[in-house]
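# Architecture and fold: a report
In case you want the letters, here they are:
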Amino acid sequence: MKKVWVMINKTLLKIIILFPLFFTLSCSNNSNDQVMEKVGAQIDSGFELPNLDGQEVNISNYKGKYILINFWATWCKPCVRELPSLENLQSNFNAENFEIIAIHIGQTKDQVRSFLIEQGITLNVLIDEDITLSNWMVEAIPTTFLVNKEGIVEYRYVGEKDWGSESVISFIQSKIN
């Protein structure tokens, strides 16, 4: 019986040590100066997720405009730090040809809504509570993708970025025009 308890305690100790380590490593704080990298693989960009009001939103509703899709979570410090810059970026463009969709992973819409209200963030947010978009090759958060007018994922950036910077605004402008 004592051996069983020792084994259980060792397993619990591993979980206690590895669980926070996983979250620390999966939250990227990339400081690369590159605006975004070209996506080499084809990603199925189709999906349908609920918004904060519980209404299902289909990505095909955005065909004909460029979309910046940002995967994030409230517990990810780099994600939270870059949210205001995403709002700043959106304010620089007309919603007719460019939109930002922030996809929150892992928590309920009520938890996310409370967080966004507290932070004063008004971005278009969808909820992927069950992490169903694994085909998007998101290995760390924040991860951001630029999807073209035809719905094809063209660019990706992993890590925190100042999305309101002149270099990013110029980059997005060059793709839209």
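Here's what I pulled together on the structure shown here. Bear in mind the structure is a predicted one, so any value in this text is a computation, not a measurement. (Residues numbered from 1 in each chain as written. Predicted model: local features only at pLDDT ≥ 70, side-chain atom pairs only at ≥ 80, totals over all residues. Heavy atoms only, no water.)

Looking now at the overall build of the protein chain. A count of helical and extended segments in the protein chain gives four helices and eight strands. Reading the protein chain from its N terminus to its C terminus gives the helix and strand order α-β-β-β-β-α-β-α-β-β-β-α. Here the contacts in the protein chain between residues at least 6 apart in sequence split such that 73% fall between residues at least 24 apart. Per element, the accessible surface of the protein chain, about 9,900 Å² overall, is 54% carbon and sulfur. (Helix = DSSP H or I, 4+ residues; strand = E, 2+ residues; numbered from the N terminus. Contact = heavy atoms within 4.5 Å. Areas by Shrake-Rupley, 256 points an atom, 1.4 Å probe, with all protein chains shown as cover.)

This part is about the side chain of N70. As for its placement among the helices and strands, N70 is situated in strand 4 (residues 66-72). Once residues within four sequence positions are removed from consideration, N70 is found in contact with E82, L86, I101, A102, I103, P142, T143 and T144.

The next point concerns the environment of C76. By secondary structure assignment, the location of C76 is in the loop between strand 4 and helix 2 (77-91). On the basis of relative accessibility, which here comes to 0%, the residue C76 falls in the buried class. (Buried < 20%, exposed > 50% of the residue type's maximum accessible area, 1.4 Å probe, protein only.)

Our next topic: helix 4 (residues 166-176). All of the buried residues in helix 4 are V168, I169, F171, I172 and I176. Looking down the long axis of helix 4, one finds its buried residues gathered within 160° of arc, a one-sided arrangement. Taken together, the buried residues of helix 4 touch strand 4, helix 2, strand 5 (98-105), strand 7 (143-147) and strand 8 (153-158). (Arc of directions from axis to C-beta.)

A few words on the pairing of strand 7. Most of strand 7 is tucked away: five of the five residues are buried. Taking every second residue as pointing to the same face, both faces of strand 7 are buried, with T143, F145 and V147 on one and T144 and L146 on the other. In terms of strand pairing, strand 4 meets strand 7 through five bridges, oriented antiparallel. Across the sheet, the residue bridging to I69 is F145, located in strand 7. Pairing analysis gives five bridges linking strand 7 to strand 8, with the strands arranged antiparallel. The residue of strand 8 that forms the bridge with T143 is V158. (Pairing = 2+ DSSP bridges.)

This part is about the environment of W75. Structurally, W75 is set in the loop between strand 4 and helix 2. Sequence-wise, W75 and Q107 are 32 residues apart; in three dimensions their C-alpha atoms are separated by 9.8 Å.

For the rest of this paragraph, the subject is the nonpolar core. Burial of nonpolar side chains together is a common tendency in soluble globular proteins. Core analysis: the largest hydrophobic core is formed by 52 residues, its most contacted members being L68, I69, L89, F98, W136 and I172. Secondary-structure elements contributing two or more residues to this core are strand 4, helix 2, strand 5, helix 3 (109-119), strand 6 (124-128), strand 7, strand 8 and helix 4. Residue contacts for W136: discarding those within four places in its chain leaves I43, D44, S45, F47, I69, F71, F145, V147 and V153. (Core = buried A, V, L, I, M, F, W, Y, C linked by side-chain atoms within 4.5 Å.)

By themselves, these figures tell us nothing about what the structure is for.
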